[in-house]
Amino acid sequence: MFQSFFRNRQWWLWAWVGGALIVGVTWYKVQLTVELNSWYGSFYDYIQGILQKPGSSNAQEFFAQVLVFAKIAGIFVGVAVMLEFFVKHWVFRWRTALTEFYSANWHKVRHIEGASQRVQDDTYRFAKIMESLGVSLMRSVMTLVAFLPILWTLSAKVPDLPFVGAVSQSLVWTALMSAIFGTVLLASVGIKLPGLEFNNQRVEAAYRKELVLGEDNPERATPPTLADIWTQVRSNHFRLFFHYAYFDVARFFYLQYSGLIPLIAMSPGLLAGTITLGLMQQITNVFERVESSFQFLVNSWSTIVELISVYKRLKAFELAIRNAPDEVGSALTVE
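Conventions used here
- Residues numbered from 1 in each chain as written.
- Predicted model: local features only at pLDDT ≥ 70, side-chain atom pairs only at ≥ 80, totals over all residues.
- Heavy atoms only, no water.
- Helix = DSSP H or I, 4+ residues; strand = E, 2+ residues; numbered from the N terminus.
- Buried < 20%, exposed > 50% of the residue type's maximum accessible area, 1.4 Å probe, protein only.
- Axes fitted to C-alpha atoms, helices over the stretch in contact; angles between N-to-C directions.
- Parallel < 35°, antiparallel > 145°, perpendicular 65-115°, else oblique.
- Left-handed = near helix turned anticlockwise from the far one by under 90°.
- Contact = heavy atoms within 4.5 Å.
- Nonpolar A, V, L, I, M, F, W, Y, C, P; charged D, E, K, R; others polar.
- Salt bridge = Lys/Arg side-chain N within 4 Å of Asp/Glu carboxyl O.

Chemist: Which residues make up the overall build of the chain, and what values go with them?
Modeler: Along its length, the chain carries twelve helices and two strands. Listed by position from the N terminus, the elements making up the chain come as α-α-α-α-α-β-β-α-α-α-α-α-α-α. C-alpha atoms of the chain, sized along the principal axes, occupy 85 × 45 × 35 Å. Looking at the 335 residues of the chain, the share that counts as buried comes to 40%.

Chemist: I'd like to hear about the packing of helix α2 (residues 12–52) against helix α10 (residues 277–294), residue by residue, with values.
Modeler: At a minimum axis distance of 6 Å, the contact between α2 and α10 shows a crossing angle of 155°. Between α2 and α10, the interaxial angle falls into the category roughly antiparallel. The two elements α2 and α10 cross, and the hand of that crossing is right-handed. Along the contact surface, α2 presents Thr33, Asn37, Ser38, Tyr40, Gly41, Tyr44, Asp45 and Gln48, while α10 presents Leu277, Gly278, Leu279, Gln281, Gln282, Asn285, Val286 and Arg289. Grouping the amino acids of the contact of α2 with α10 by side-chain chemistry returns five nonpolar, nine polar and two charged.

Chemist: Describe the pattern of salt bridges, naming the residues involved and giving the relevant values.
Modeler: In total, this model carries three salt bridges according to the counting rule given. Of the charged contacts in the structure, one is a salt bridge between Arg251 and Asp248, with a shortest N-O distance of 3.1 Å. One end of the pair, Arg251, and the other, Asp248, are both in helix α8 (residues 223–257), three residues apart, so they sit about a helical turn from each other. Arg251 sits in the buried class, given a relative accessible area of 17%. Linked through salt bridges whose partners overlap, the residues forming this network are Glu84, Lys88 and Arg139.

Chemist: Kindly report on the side chain of Thr174, identifying the contributing residues and their values.
Modeler: Inspection of the secondary structure assignment puts Thr174 in helix α6 (residues 170–189). For Thr174, the contacting residues outside a window of four places in its chain are Leu161, Ile261 and Phe287.

See below:
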């Protein structure tokens, strides 16, 4: 899954230079969001000043503020579109390298149950998941690196937490503890999901294989056989639905109510009038970005579950390639 792309000379330029380009452009995107967050703070303070003293500003000053946002947002949109386009090409090259490796070793694994699905469907799913999950992880880490120092500085504006009292770097600790709580909660609640997803792919592969065999062989894919396999598919899906139901209850409750955490943390300053509208907006934006970065596992748990099941299937496939006698053909050279 990894050596065929990152250790193959044929794909070295795409794998490493392309990967470095993705990292660099993603970091630039994060810096643009930092600039936007700074703009929100100054803009809402500007609005608060107008509301407190009507007539203190004019249309020229107002639209000058809006123009600053438009410039930053325009650059962000252009960079984001180009990055997404390049990432899709980069991941497809990865899938191509993986497919070529499996195809070169097809003679070793063609007898394995669901071999065609693993070469075609599992590689596709692996590429799609890595595109969404890998980029999301990188973005979360970079967002954390960029915004954590800002939240660290803004914590000085919130020296006291309700029900707790004075806490040094209160906002940072609040975001971290909230994310840890959510991660542990969902990891505990969803502990059975990876195994169920893996079993689900097995029974779906068996059903698909029987249908494919039935296209050319009238003795395969008979109604009793299909009914028996479909019973297994249905039973496994129903188990998945049940376990995802209580998992989603925990996940949605946590994600909805976690939005109140920064407001509750700022409540002493808001009630005392020491936090302005602009500062509140800035703290809320930064807190949500830091907390969301800490919550990567929470937000991506369903995708991670799917990735684990795909990884287990492809890992078993690669073990069969490694252990099979080298009779005919040769695998791609990985250096």
